[in-house]
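# Chains, contacts and geometry: an overview
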Amino acid sequence: MKCIKCGRTKSGKKKFFICEDCRKFSEIILQIAEETESEISSAESLDIETHDIFRLLTDIGFTTTLNPHTAIFHNLSSVLLDKALRDQSEVSEEELNKEIRTTKSWTDALELFEDAELIEVKTERYKRILIPTKRIEKIAKEFYMDGALSDQVDKRSAHFCSGYVMLQLLKKVAEMKEITDKESLPYGQRPRTLWTIAMFLWINAFEKNEGFDEEQFRKFVGKRGIPTSTWSRIIRGLETVDSRATQGMIKQMGFKSGIRTFKYEDYVPRVMERLRERGRMR
Ligand SMILES: [Zn+2]
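Now for a look at the structure at hand. Everything numeric here is computed off the predicted structure, so don't read it as measured data.

## Re the overall build of the chain
Each helix and strand in the chain was counted, giving eleven helices and eight strands. The C-alpha extent of the chain, read off along each of the three principal axes, is 55 × 45 × 40 Å. Within the chain, counting contacts between residues at least 6 apart in sequence, those at least 24 apart form 63% of the total. Accessible surface for the chain amounts to roughly 13,900 Å². Of this, 46% is attributable to carbon and sulfur atoms.

Next up, the structure:
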């Protein structure tokens, strides 16, 4: 049998099933999505330093840059944030094609950005025009408020946007019930790498672990057939313990019997505790 979400196999009579980890993770994703929506619509500022849930998304956003299939989310976020910051009210498809080279169709990516309410799309003479929303303007301006127009701030806001778009995608996987639901996913395929990596990092924290080691991570993703090159890229990304530049989920890295160990930043257990409480209230 094969898990319809992560691709893990196990022996059994049926062709497909949903594995225990994916069941748990689907529930967590739906809670994260709920929490994010309620924070985004009620929060006056989108400051990630004071909103743990935004920070969680920012820190997972880095994984979109490591995968050619999802790099489009990150690149599109950067371009849109830049336009929003300059108060440009429309972005044409030609402009997009000039700024981002991709062999993928825009349709599915744009739909996710629409789901996230970061853009509206209109069509004029068979060409699409993107209209940045108030929401993306708010994100763009929030990050630049203190005037720190550095490359790192730039990366961080794009991480937040792409992390938020990624959440829309993960939510679609969380809602999958049958293998045939795959067809309605963007590009008609499951984002297996993103799903599996976020699943490992977040379930592990949700279950009150303070951290993890390289071996646990390797085993978890290995069972799901994620190629070695991909997980070593992620490990390298996690090693960059610099909260501004790439990700800030890991506060400490060490070695134990020659194996790399990682410890979560303090906000991670905090946000997971909140999600557990939310789950209990349901
Ligand atoms: Zn699974």
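That covers the picture; the talk isn't over yet.
## So, the pattern of salt bridges
All chains considered together, the criterion is met by 21 salt bridges. Between Arg-260 and Glu-214 there is a salt bridge, with its nearest N and O atoms 2.8 Å apart. With Arg-260 in strand β8 (residues 259-264) and Glu-214 in helix α9 (residues 214-222), this pair connects stretches of sequence that are 46 residues apart. Overall, the relative accessible area of 21% leaves Arg-260 in the partly exposed class.

## Some details on the sheet that holds strand β6 (residues 211-213)
The sheet built from three strands is open, its strands ordered β6-β8-β7 with antiparallel pairing. Every interior strand has two partners, whereas the edge strands, β6 and β7 (250-256), have only one. Across the sheet, the mean angle separating the axes of adjacent strands is 20° when strand polarity is ignored. Relative to β8, β7 runs antiparallel, the two sharing six bridges. Its bridge partner lying in β8, Gly-254 is registered against Thr-261. In the packing of α9 onto the sheet, contacts are made with β6 and β8, and the angle to β6 comes to roughly 75°.

## Considering the side chain of Asp-59
Here Asp-59 lies in helix α2 (residues 52-61). For Asp-59, the side chain forms a polar contact with the main-chain nitrogen of Met-249, separated by 3.4 Å.

## Quick word on helix α10 (residues 228-239)
With twelve residues, α10 should cover 16 Å at 1.5 Å per step; its first-to-last C-alpha distance of 16 Å lies within 8% of that length. All buried positions along α10 are accounted for by Thr-230, Trp-231, Ile-234, Ile-235, Gly-237 and Leu-238. Mapping the buried residues of α10 onto a view down its axis gives an arc of 160°, with all of them on the same face. Lining the buried residues of α10 we find α8 (192-206), β6, α9, β7 and β8.

## Quick word on the sheet that holds strand β4 (residues 119-124)
Read from one edge to the other, the open sheet built from three strands follows the order β3-β5-β4, with strand pairing classed as antiparallel. In this open sheet, the two strands that pair with only one neighbour each are β3 (91-92) and β4. In terms of strand pairing, β4 meets strand β5 (residues 127-132) through six bridges, oriented antiparallel. The partner of Lys-122 across the bridge, within β5, is Ile-129. Relative to β4, helix α5 (residues 106-115) is tilted by about 135°, and along the sheet it contacts β4 and β5.

## Some remarks on the nonpolar core
Trp-195 and Trp-202 are the most contacted members of the largest nonpolar core, which totals 86 residues. Once residues within four sequence positions are removed from consideration, Trp-202 is found in contact with Phe-25, Ile-29, Ile-32, Leu-56, Leu-57, Ile-60, Leu-170, Met-249 and Met-272.

## Describing the pairing of β5
Bridge analysis of β3 against β5 gives two bridges, and the strand direction is antiparallel. By the bridge assignment for β5, Val-91 is matched with Leu-130. Hairpin remark: β4 followed by β5, antiparallel, with two residues in the connecting loop; positive phi at Arg-125, about 45°.

About the criteria used
Residues numbered from 1 in each chain as written. Predicted model: local features only at pLDDT ≥ 70, side-chain atom pairs only at ≥ 80, totals over all residues. Heavy atoms only, no water. Helix = DSSP H or I, 4+ residues; strand = E, 2+ residues; numbered from the N terminus. Contact = heavy atoms within 4.5 Å. Areas by Shrake-Rupley, 256 points an atom, 1.4 Å probe, with all protein chains shown as cover. Salt bridge = Lys/Arg side-chain N within 4 Å of Asp/Glu carboxyl O. Buried < 20%, exposed > 50% of the residue type's maximum accessible area, 1.4 Å probe, protein only. Pairing = 2+ DSSP bridges. Axes fitted to C-alpha atoms, helices over the stretch in contact; angles between N-to-C directions. Polar contact = N/O pair within 3.5 Å; in protein donor to acceptor, adjacent residues only side chain to side chain. Expected span 1.5 Å × (residues − 1). Arc of directions from axis to C-beta. Core = buried A, V, L, I, M, F, W, Y, C linked by side-chain atoms within 4.5 Å.

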